[in-house]
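The lines below spell out each chain.
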Amino acid sequence: MQQESPSDPKRVLVLQGGGALGAYQGGVYEGLAEADFKPDWIAGVSIGAINGAILAGNAPEDRLARLREFWATASSGLPYTFELAEPRARSFVNEAAASWIAAMGVGGFFKPRFPPAVFYPPGAPEALSFYDTTPLRETLARLVDFKRINSKAIRLSLGAVNIRTGKLEYFDTTTHEIGPEHVMASGALPPGFPPVKIGDDYYWDGGVVSNTPLQHVLENGDTAEDLLIFQVDLFNAKGEMPRTLLEAGEREKDIRYSSRTDNNTKAMLQKHHAKLALTKLLETLPPALRKGAAAKRVEALARENAVTVVQVIYRDKPYEGSSKDYEFSRQSMTEHWAVGLKDIRAAMTKRQQMVCERNKGKTMLIDEGVVTQMDEMR
């Protein structure tokens, strides 16, 4: 998937939040690297911000190794594998693993706060979370070259919520000097993790407001450039009717974190599609009308690029429950990574269609290798 000419689209990697499911994004990136996909812009929220910082903060030849190192560290507390074919037995093992993680923390990521939060006075930073994320800062310092990030070789955007205003803000290399604190702010999911102070403000995980940064990419990119966006989602909006309490909890979490993603994706792409249609309408006007001030204003409003979104979505296993986003066992991490690699390889079978449709000036969504034109999504 090498770049062949200056007219090739800007390549964007959009990474959703989802905790332990973020290993799936590692597998997706491995498949993209196989196809020689080198992102020009990475936008992430929560675990997507951590994965994104590792990618942007390393040379292309080191990115995959650094991602593997992070996930090997995060899953080092439970490196055991259980070959269980029966879903209920595997579900029990997964829940036990998640309980262990909740009690003991995750290596290189977070550890239980001691003394616990209730022993600190109100207003103390330690009173606001169950866990201490100091290990994550140390991991980021080891795995991420922030000088490389701030060289702006790759644009990096990290979403976090300003606690006082309740608004989603983006720390972007075009406007900010990015440090470990910006990555940690994007992944500071309450009440598990403490808020992160940046300047005079405190921030929580961007997923509290919006779990995918696609809107930021579409609203803050250069409209003169076409975009080829790979959006890696960790929660699936579609699913079966739950049968147990565990399944109900899992289904609720999937809907909560995925429905906004699905709606935002379609709404933003429809906006792009409408602008492209308006451009075509302007082309039908007589030359005299096109020179008028009103037409010029409409032309400026309609200026738009072609957008292709390849949406790769993790589909969970029947034995996974609502704890899947904090179940950091080595077995589950390896499985998530393998599924991500498999899914992106399937999506890349449509790579020629991505290029052809873009050259026609169309806006489209590709999910699991299936192409949807925007006029089918109204």
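Our subject in this report is the structure included herewith. (Residues numbered from 1 in each chain as written. Predicted model: local features only at pLDDT ≥ 70, side-chain atom pairs only at ≥ 80, totals over all residues. Heavy atoms only, no water.)

### Observations concerning the overall build of the protein chain
Then, number 1: Summing up its helical and strand segments, the protein chain has 13 helices and 12 strands in all.
Then, number 2: Residues classed as buried in the protein chain amount to 51% of the 378 residues present.
Then, number 3: Taking contacts inside the protein chain between residues at least 6 apart in sequence as the whole, the part at least 24 apart equals 73%.
Then, number 4: Element-wise, carbon and sulfur atoms account for 56% of the exposed surface of the protein chain, whose accessible area totals about 17,500 Å². (Helix = DSSP H or I, 4+ residues; strand = E, 2+ residues; numbered from the N terminus. Buried < 20%, exposed > 50% of the residue type's maximum accessible area, 1.4 Å probe, protein only. Contact = heavy atoms within 4.5 Å. Areas by Shrake-Rupley, 256 points an atom, 1.4 Å probe, with all protein chains shown as cover.)

### Describing a nonpolar patch on the surface
Then, number 1: Judged by side-chain polarity, Tyr80, Phe82 and Leu84 come together as a nonpolar surface patch covering roughly 310 Å² of accessible area.
Then, number 2: Structurally, Tyr80 can be placed in the loop between helix H3 (63-74) and helix H4 (87-104).
Then, number 3: Accessibility expressed as a relative area gives 55% for Tyr80, which makes it exposed. (Patch = residues over 30% accessible without salt bridge, like charges linked within 9 Å, V, L, I, M, F, W, Y side chains within 5 Å. Salt bridge = Lys/Arg side-chain N within 4 Å of Asp/Glu carboxyl O.)

### Topic: the pattern of salt bridges
Then, number 1: In total, this model carries 14 salt bridges according to the counting rule given.
Then, number 2: A salt bridge links Glu30 to Arg68; its shortest N-O distance comes to 2.8 Å. Of this pair, Glu30 sits in helix H1 (residues 23-34) while Arg68 is found in helix H3, placing the two residues 38 residues apart along the sequence.
Then, number 3: Judged by relative accessible area, Arg68 falls into the partly exposed class, the value being 39%.
Then, number 4: Note that Lys38 and Asp36 form a salt bridge whose closest N and O atoms lie 2.4 Å from each other.
Then, number 5: What you see here is one network of salt bridges that share partners, running through Glu250, Arg251, Asp254 and Lys324.

### Considering the environment of Thr81
Then, number 1: Tracing the backbone through its elements, the reader meets Thr81 in the loop between H3 and H4.
Then, number 2: The exposure class of Thr81 is partly exposed, given its relative accessible area of 48%.
Then, number 3: Sequence separation between Thr81 and Gln331 is 250 residues; the distance between their C-alpha atoms is 5.5 Å.

### Overview of the side chain of Asp325
Then, number 1: Here Asp325 lies in the loop between strand E10 (307-313) and helix H12 (330-347).
Then, number 2: The buried category is assigned to Asp325, whose relative accessible area is 15%.
Then, number 3: A polar side-chain atom of Asp325 sits 2.9 Å from a polar atom in the side chain of Lys253.
Then, number 4: Those residues in contact with Asp325 that sit more than four places away from it in its chain are Gly18, Gly19, Ala20, Leu21, Phe235 and Lys253. (Polar contact = N/O pair within 3.5 Å; in protein donor to acceptor, adjacent residues only side chain to side chain.)

### Let's talk about the nonpolar core
Then, number 1: Counting residues in each nonpolar core, the largest one holds 66 residues, and the members touching the most others are Leu13, Ile50, Phe70, Trp71, Phe109, Phe230 and Phe328.
Then, number 2: Examining the composition of this core, we find that 7 residues originate from one element, helix H2 (residues 47-56), more than from any other.
Then, number 3: If you look at the next biggest cluster of nonpolar residues, it comprises 11 residues, including Val12, Ala43, Leu218 and Leu227. (Core = buried A, V, L, I, M, F, W, Y, C linked by side-chain atoms within 4.5 Å.)

### Some points on the layout of surface pockets
Then, number 1: Taken as a whole, the largest pocket encloses approximately 610 Å³ of empty space.
Then, number 2: Around the largest pocket, the lining comprises 28 residues; the ones closest to its centre are Leu189, Gly192, Phe193, Asp325 and Tyr326.
Then, number 3: Mapped by element, the contributors of at least two residues to the lining of the largest pocket are H2, H4 and helix H9 (245-282).
Then, number 4: In terms of residue count, the dominant contributor to the lining of the largest pocket is H9 (3 residues).
Then, number 5: Here the residues of the lining of the largest pocket are counted per class, giving 16 nonpolar, 8 polar and 4 charged. (1 Å grid on protein atoms, 1.4 Å probe; cavity = no way out; pocket = protein on both sides within 12 Å on 5 of 7 lines; lining within 4 Å. Points joined across faces, edges and corners; volume = space filled by probe spheres on them. Nonpolar A, V, L, I, M, F, W, Y, C, P; charged D, E, K, R; others polar.)

### Regarding the environment of Ala346
Then, number 1: Of note, Ala346 is situated in helix H12.
Then, number 2: Residue class for Ala346 comes out partly exposed when judged on its relative accessible area of 38%.

### Side note on the side chain of His182
Then, number 1: Among the structural elements, His182 can be located in helix H7 (residues 180-186).
Then, number 2: The class of His182 is buried, set by a relative accessible area of 4%.
Then, number 3: Within the local environment of His182, its side chain forms a polar contact with the backbone nitrogen of Gly179, the two atoms lying 2.9 Å apart.
Then, number 4: Aside from chain neighbours lying at most four places away, what touches His182 is Leu158, Phe171, Glu177 and Ile198.

### Digging into the packing of aromatic side chains
Then, number 1: Across all of its chains, the model carries 14 aromatic pairs by this definition.
Then, number 2: Its guanidinium or amino end placed over the ring of Trp41, Arg155 lies 3.8 Å from that ring's centre, counting from NZ or CZ. (Phe/Tyr/Trp six-rings, centres within 6.5 Å; stacked < 30°, edge-to-face > 60°. Lys NZ or Arg CZ within 6 Å of the ring centre and 35° of its normal.)

### What to know about the packing of H1 against H12
Then, number 1: For the pair H1 and H12, interaxial distance at closest approach is 6 Å and the crossing angle is 40°. In terms of their interaxial angle, H1 and H12 are classed as oblique. Crossing handedness for the pair H1 and H12: right-handed. Two secondary-structure elements touch here, H1 through Ala23, Tyr24, Gly26, Gly27, Val28, Glu30, Gly31, Leu32 and Glu34 and H12 through Met333, His336, Trp337, Val339, Gly340, Leu341, Asp343, Ile344 and Arg345.
Then, number 2: Here the contact of H1 with H12 is composed, by residue class, of 9 nonpolar, 5 polar and 4 charged. (Axes fitted to C-alpha atoms, helices over the stretch in contact; angles between N-to-C directions. Parallel < 35°, antiparallel > 145°, perpendicular 65-115°, else oblique. Left-handed = near helix turned anticlockwise from the far one by under 90°.)

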